[in-house]
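# Secondary and tertiary structure notes
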Amino acid sequence: MPETIRGRIHSFFATAFVENLPLKELASAYPEAKRSPRDLWFQPASGGTVFIYPFGAVVFYDVAPEVRASELNRLGLVRPGLTKAQVLNEELSVREMPDARPDMENGVLVVDVLSHERASVVALTVAQSAAMDYYESIVDQMFVTTDKLGEQLEKAGTMPMRTRHLHKFIGATVGTRSEVLSILHLLDKPDAAWDDPGADRIYEKLRSEFDLVDRYQSLELKLRAVQDTLEVITDVARDRRLFLLEATVVLLILFEIVLSLVRH
């Protein structure tokens, strides 16, 4: 079927990383890029557009696979030590058809016109979904670790005296929760969606398609549950340390009394 009949197909491919990507630092390494408060974007010589987001995601819009690999290698040279997450890819196809109303059809976004502003809305939403995949995997790992600590407390009825590993784990949990909270403002409506009703509909359709709001709320609830459980476990460990400390003080007092009686 001719492309003019079935509509032109555009591709969006997102890759998420463990590390954040500071746009200010990257700007000097990408002199051809344009920077906005939300992203850094540029157009490779071969065509398409690359969007880089500060929360650790890169989106390729109509960029060939070999060019994607080349740009990821380039980013790796700019940011040495960049680590890809286990769950890191998110893809979306967009069909551009004249007179079409923005809607989702069998997992494909259909639009009448895909301007740069609308493409930026699509790219941002796909990037958020890829980043959410990473945080979901991290939180699930935290749940497994917390369950093991809970089982240990249930079997032993107490916790080990050394609590350093607990404090480190709590610190990691707090840090992850802070990172998740930091992307909350990214779920706000993009500027392009305020100015273009079509872009606004695209944003709403994609946010629903990727279930971003519910996934974010689920992450918040899971992180809160993990923190609450860790606080209980830490309190048990602290109470045991306090009990032993108080017992030691009592023994020292008794020892002093016994010594004084012996002397007299």
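Everything below is about the structure printed above this text.
The structure presented is a predicted model; accordingly, all values stated were derived computationally and were not measured.

## Concerning the overall build of the protein chain
The number of helices and strands found in the protein chain is 8 helices and 8 strands. By the burial criterion, 41% of the 264 residues in the protein chain qualify as buried. In the protein chain, 70% of the contacts between residues at least 6 apart in sequence involve partners at least 24 apart. Element-wise, carbon and sulfur atoms account for 55% of the exposed surface of the protein chain, whose accessible area totals about 14,800 Å².

## Concerning the pattern of salt bridges
Considering all chains together, one arrives at 11 salt bridges under this definition. Notably, a salt bridge pairs arginine 79 with glutamate 25, separated by 2.9 Å at the nearest N-O pair. Highlighted residues: arginine 79 in the loop between helix H3 (65-78) and strand E6 (84-96) and glutamate 25 in helix H2 (residues 23-27), separated in sequence by 54 residues. Among the residues examined, arginine 79 registers a relative accessible area of 24% and is labelled partly exposed. Residues arginine 224 and glutamate 220 are paired through a salt bridge, measuring 3.5 Å at the closest nitrogen-oxygen approach. Within this pair, arginine 224 and its partner glutamate 220 are both found in helix H8 (residues 212-263), separated by 4 residues, close to a single helical turn.

## Side note on the pairing of strand E1 (residues 8-17)
A large share of E1 lies buried, amounting to 7 of its 10 residues. Here E1 runs beside strand E5 (residues 57-61); their pairing, made up of 5 bridges, is antiparallel. Residue phenylalanine 12 lies in a different strand from E5, and its bridge partner there is tyrosine 61.

## As for the environment of glutamine 43
Along the chain, glutamine 43 turns up in the loop between strand E3 (40-42) and strand E4 (49-53). Look at glutamine 43 and you get exposed, because its relative accessible area is 54%.

Parameters and conventions
Residues numbered from 1 in each chain as written. Predicted model: local features only at pLDDT ≥ 70, side-chain atom pairs only at ≥ 80, totals over all residues. Heavy atoms only, no water. Helix = DSSP H or I, 4+ residues; strand = E, 2+ residues; numbered from the N terminus. Buried < 20%, exposed > 50% of the residue type's maximum accessible area, 1.4 Å probe, protein only. Contact = heavy atoms within 4.5 Å. Areas by Shrake-Rupley, 256 points an atom, 1.4 Å probe, with all protein chains shown as cover. Salt bridge = Lys/Arg side-chain N within 4 Å of Asp/Glu carboxyl O. Pairing = 2+ DSSP bridges.

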